[in-house]
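Below are the chains, spelled out letter by letter.
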Amino acid sequence: MSTVNVTLRIDKTLKEQADELFSDLGLTFNSATTVFLRQAVREQKIPFTIKREIPNAVTLAAVKEVEEMKKNPSEYKSYSDVDAMMDDLINDIQP
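Residues numbered from 1 in each chain as written. Predicted model: local features only at pLDDT ≥ 70, side-chain atom pairs only at ≥ 80, totals over all residues. Heavy atoms only, no water.

**Focus: the pattern of salt bridges**
When the charged atoms of two side chains with opposite charge come close together, those side chains can pair. Tallied over the entire structure, the rule returns 2 salt bridges. Close ionic contact of Asp19 with Lys15 constitutes a salt bridge, the shortest N to O distance being 2.6 Å. With Asp19 and Lys15 both in helix H1 (residues 12-24) and 4 residues apart, the pair spans about one turn of that helix. Residues Lys77 and Asp88 are paired through a salt bridge, measuring 2.6 Å at the closest nitrogen-oxygen approach. Taken as a pair, Lys77 in the loop between helix H3 (57-71) and helix H4 (82-93) and Asp88 in helix H4 lie far apart in primary sequence, 11 residues in all. (Salt bridge = Lys/Arg side-chain N within 4 Å of Asp/Glu carboxyl O. Helix = DSSP H or I, 4+ residues; strand = E, 2+ residues; numbered from the N terminus.)

Okay, structure coming up:
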């Protein structure tokens, strides 16, 4: 079986954490990567679930607020000028 060299650019801390985990499992980074690739090819998919994080309460509240604003736009201030909007935002946060 012939092999090829592959170069990966990853965060240094992530690589160190992965090396520690793989070492505990008796694997090298290279062998763990090979295991991942073999499993992906065997299953013809990424061998684990990839999904977005569940929004936290603050994000959910912001989404709800935007939905309300869309339903009742006349109840909320709107802007046709970005500078005016920024002035209002800045003035609202200053004491």
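**Notes on a nonpolar patch on the surface**
A grouping of Val4, Val6, Leu8, Ile10 and Leu14 is seen on the molecular surface, where their side chains present a nonpolar patch of about 500 Å² in accessible area. If you trace the backbone, Ile10 turns up in the segment before H1. Residue class for Ile10 comes out partly exposed when judged on its relative accessible area of 41%. (Patch = residues over 30% accessible without salt bridge, like charges linked within 9 Å, V, L, I, M, F, W, Y side chains within 5 Å. Areas by Shrake-Rupley, 256 points an atom, 1.4 Å probe, with all protein chains shown as cover. Buried < 20%, exposed > 50% of the residue type's maximum accessible area, 1.4 Å probe, protein only.)

**Concerning the packing of aromatic side chains**
Taken as a whole, this structure holds 2 aromatic pairs when the rule is applied. Considering the side-chain rings of Phe22 and Phe29, the 6.0 Å spacing of their centres and the 55° angle between planes classify their relative orientation as tilted. Its relative accessible area of 18% is what places Phe22 among the buried residues. Under the relative-accessibility criterion, Phe29 is labelled partly exposed at 23%. On the numbers, 6.0 Å between centres and 40° between planes, the contact of Phe36 with Phe48 is tilted. Taken as a pair, Phe36 in helix H2 (residues 29-43) and Phe48 in the loop between H2 and H3 lie far apart in primary sequence, 12 residues in all. Relative accessible area serves as the criterion here: at 48%, Phe48 is assigned to the partly exposed category. Here the basic side chain of Lys15 rests over the ring of Phe29, its NZ or CZ set 4.7 Å away from the ring centre. (Phe/Tyr/Trp six-rings, centres within 6.5 Å; stacked < 30°, edge-to-face > 60°. Lys NZ or Arg CZ within 6 Å of the ring centre and 35° of its normal.)

**Re unusual backbone geometry**
One non-glycine residue, Gln44, adopts positive backbone phi at about 60°. Turning to its location among the elements, Gln44 is positioned in the loop between H2 and H3. According to the relative accessible area criterion, Gln44 is exposed, its value standing at 64%.

**Looking at the environment of Ser74**
Turning to its location among the elements, Ser74 is positioned in the loop between H3 and H4. Note: C-alpha distance between Ser74 and Asp92 (18 residues apart in sequence) is 21 Å.

**Considering H3**
Taking 1.5 Å per residue, 15 residues should reach 21 Å; H3 reaches 21 Å between its end C-alpha atoms and fits that length. Put simply, Asn56 is the residue that caps the front of H3, since its side-chain oxygen is 3.2 Å from the backbone nitrogen of Val58. (Expected span 1.5 Å × (residues − 1). Polar contact = N/O pair within 3.5 Å; in protein donor to acceptor, adjacent residues only side chain to side chain.)

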